[in-house]
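Each chain, letter by letter, is given below.
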Amino acid sequence: MLDQVRPVPIVEAAALEADIHGTFAAYRATHPLIALAGGGYVVLRYADVERLMSDPRLQATETALPHQAGLTKGALFDLFEHGMLTANRETHARRRAAVSCALARESLERFRQHVRDAASHLIDAYLDDGRLELVSGYARRLPVLALARLLDLADDALPAFERDVLTMNAFFRPGPTPAAVDAAEGAASRLQNALGDRLDQVDVERSGSFFSTYKTIAGENQLSPLEALMQIVSVVLGGSDTTRAAIVVMVGLLAERGLWQEVRRQPALIGAVVSESLRCEPAVGSVPRLTVEEIELDGTVVPAGRPVLLSTMSALRDPDVFPNPDAFDLTRPPLRWHPMFGGGEHRCLGEALAKIEMEEALSVLLASLPDPRIDGQGLTIHGHAGVRKVDELTLRWH
Ligand code: HEM
């Protein structure tokens, strides 16, 4: 027990949103965490964030978020109740194992080739226009095409799949309106039906396909039909908005910092661009947890039963680990174990795929567009909790 507990500074949402990096930097120097005026805590320092990702005194949020939004059943609720992202301990391990094994058997070279072809196909359609709105024309579509490869989706199923993924994901952004929640529920339900049909039809004898391997292992691991389906919806959720935001941020940072030509001349720098853009402006700002026991951090205390955000966004600019953290520096030593993909038992299962998508997205743009410029509003990113929102970003080249 501490003799004297240090007070935790309380920060209003509007003040934080006005300058997220600046606010985090100011408090991180003196405090390990802040409290949000609307409830919950944000852990700021790299060492704490990394350690707490594997600390059993914190756990995934199970059905706390949908309950908060007034949801107690339905397709969105299923994802929280039966998916891996929000599950804990042995339930989580059992649900994660089948996806993890099936992804480990996926040929990354074949996936890379598929993503490269899909990216070339997308950009070719815009070359004569001389203009591309990056979010809707490229960054949103590429992850969906990559997922379609994993899930063996037919071409004619893609438009509905893309629409439903986009609509469902709106639920997971901060403060969805009641209309957005209703629309997300409808989209999640359609996705569940469509992916459930695919799962029923998939040929387990077709070796080498992610989906067929997954179905076999899910059966061996005795996942219920709903659980088996929900881990696939979890992959769709984990692999869509995240990579979309990451691609927009990466291209925006490169174009805004005047580094396009340099990286075009030296494609070996693409890996550094991926890593440094994920560090500077991570697509996922934080991971949510609940304290199951009281936690003490540098004289401050978080009581049991409180929501906590482990802020990757703040940790990745901690000057104790990253000298001159606000600089976008392609010469930084590479991060072998990128904290951007989380840590502990929920560490991202799609890290290798996400990096391939980002590398190929950039490589194809660099090869196709010799000298693009940003037209209108520059790179604009909102939020710090969960997947961050990026505004439209237009490139021009004529
Ligand atoms: C740049 C893109 C991506 C970023 C920044 C990212 C980040 C993360 C983070 C931080 C977590 C941990 C969440 C937590 O602890 O609560 C996570 C989990 C997860 N990610 Fe990713 N991710 C990306 C792309 C992908 C892709 C492409 C896929 C699949 C195709 C994917 C699938 C998953 C899954 C299934 C989980 C849940 C793991 C579990 O709960 O055990 N992610 N991701």
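The structure this text deals with has already been given above.
None of these values were measured; they are calculated from a predicted model.

Chemist: What exactly am I supposed to notice about the overall build of the protein chain here?
Modeler: Broken down by element type, the protein chain carries 18 helices and 13 strands. For a compact globule of 398 residues, the expected C-alpha radius of gyration is about 21 Å, and the protein chain comes in at 21 Å, within 12% of that figure. Along the first, second and third principal axes, the C-alpha atoms of the protein chain reach 65 × 50 × 40 Å. Here the protein chain holds 398 residues, and the buried ones make up 54% of them. Sequence separation of at least 24 residues holds for 71% of the intrachain contacts in the protein chain that already meet a minimum separation of 6. Surface summary for the protein chain: the accessible area is close to 17,600 Å², and the carbon and sulfur share equals 53%. Considering the protein chain, the positive charge centre built from 40 side chains and the negative charge centre built from 53 side chains are found 2 Å apart.

Chemist: Looking at this model, I keep getting lost on the coordination of the iron atom of the ligand. Mind explaining?
Modeler: Ideal donor angles around a metal are set by the shape: a four-donor tetrahedron calls for 109.5 degrees, a six-donor octahedron for 90 or 180 degrees. Among protein residues, the single donor to the iron atom of the ligand is Cys348 (SG), with a metal-donor distance of 2.3 Å. Examined against the element boundaries, cysteine 348 turns out to sit in the loop between helix H17 (312–315) and helix H18 (351–368).

Chemist: Would you mind showing me how to read empty space enclosed by the protein here?
Modeler: Gaps between atoms show up when a probe of the same size as a water molecule is rolled over them. In this structure the tally under the stated criterion is 3 cavities of 30 Å³ or more. In terms of lining, the largest cavity is formed by Arg140, Val144, Glu162, Val165, Leu166, Asn169, Ser240, Asp241 and Arg244. Elements represented by at least two residues in the lining of the largest cavity include exactly helix H10 (158–169) and helix H14 (241–256). No other element matches the 4 residues that H10 contributes to the lining of the largest cavity. Its residues assigned to classes, the lining of the largest cavity comprises 3 nonpolar, 2 polar and 4 charged.

Chemist: Help me out: how do you make sense of the side chain of threonine 23 in this one?
Modeler: As for its placement among the helices and strands, threonine 23 is situated in helix H2 (residues 20–28). Using a relative accessible area of 14% as the deciding quantity, one classes threonine 23 as buried.

Chemist: Before we go on, may I ask you to explain the sheet that holds strand E5 (residues 131–133) in this structure?
Modeler: Pairing between the strands of a sheet comes from backbone hydrogen bonds, and it takes one of two forms, parallel or antiparallel. Taken together, 3 strands build an open sheet; the order of strands is E5-E13-E10 and the sheet is antiparallel. Strand pairing shows two members of the sheet lacking a second neighbour, E5 and strand E10 (373–375), which therefore form its edges. Adjacent strand axes in the sheet meet at a mean angle of 30° when their direction is disregarded. In terms of strand pairing, E10 meets strand E13 (residues 394–396) through 3 bridges, oriented antiparallel. Paired with aspartate 375 across the two strands is threonine 394, which belongs to E13.

Chemist: Sorry, what's going on with the pairing of strand E6 (residues 287–291) here?
Modeler: For a regular strand, side-chain orientation follows a simple rule: the groups alternate between the two sheet faces. Every second residue of E6 is oriented toward a common face, the buried set being Val287, Arg289 and Thr291 and the non-buried set Pro288 and Leu290. Where strand E4 (residues 58–59) lies against E6, 2 bridges are found, and the strand directions are antiparallel. Bridging across to E6, glutamine 59 finds its partner in leucine 290.

Chemist: I'm lost on the sheet that holds strand E2 (residues 33–36) in this one. Help?
Modeler: What the 6 strands build is an open sheet, ordered E1-E2-E3-E9-E6-E4; its pairing is mixed. The sheet is open, and its two edges are formed by strand E1 (10–11) and E4, each paired on a single side.

Chemist: Whenever I open this one, unusual backbone geometry confuses me. Can you help?
Modeler: Residues other than glycine predominantly adopt negative phi, and peptide bonds predominantly adopt the trans conformation. Phi is positive for glutamate 62, close to 45°, though the residue is something other than glycine. The class of glutamate 62 is partly exposed, set by a relative accessible area of 34%. Positive phi outside glycine occurs at aspartate 298, with the angle close to 45°.

Cut-offs and rules
- Residues numbered from 1 in each chain as written.
- Predicted model: local features only at pLDDT ≥ 70, side-chain atom pairs only at ≥ 80, totals over all residues.
- Heavy atoms only, no water.
- Helix = DSSP H or I, 4+ residues; strand = E, 2+ residues; numbered from the N terminus.
- Rg over C-alpha atoms; globule rule 2.2 N^0.38 Å.
- Buried < 20%, exposed > 50% of the residue type's maximum accessible area, 1.4 Å probe, protein only.
- Contact = heavy atoms within 4.5 Å.
- Areas by Shrake-Rupley, 256 points an atom, 1.4 Å probe, with all protein chains shown as cover.
- Lys, Arg positive; Asp, Glu negative; His and termini not counted.
- Charge placed at Lys NZ, Arg CZ, Asp CG, Glu CD.
- Donors = N, O, S within 2.8 Å, 3.2 Å for Na, K, Ca; no water.
- 1 Å grid on protein atoms, 1.4 Å probe; cavity = no way out; pocket = protein on both sides within 12 Å on 5 of 7 lines; lining within 4 Å.
- Points joined across faces, edges and corners; volume = space filled by probe spheres on them.
- Nonpolar A, V, L, I, M, F, W, Y, C, P; charged D, E, K, R; others polar.
- Pairing = 2+ DSSP bridges.
- Axes fitted to C-alpha atoms, helices over the stretch in contact; angles between N-to-C directions.

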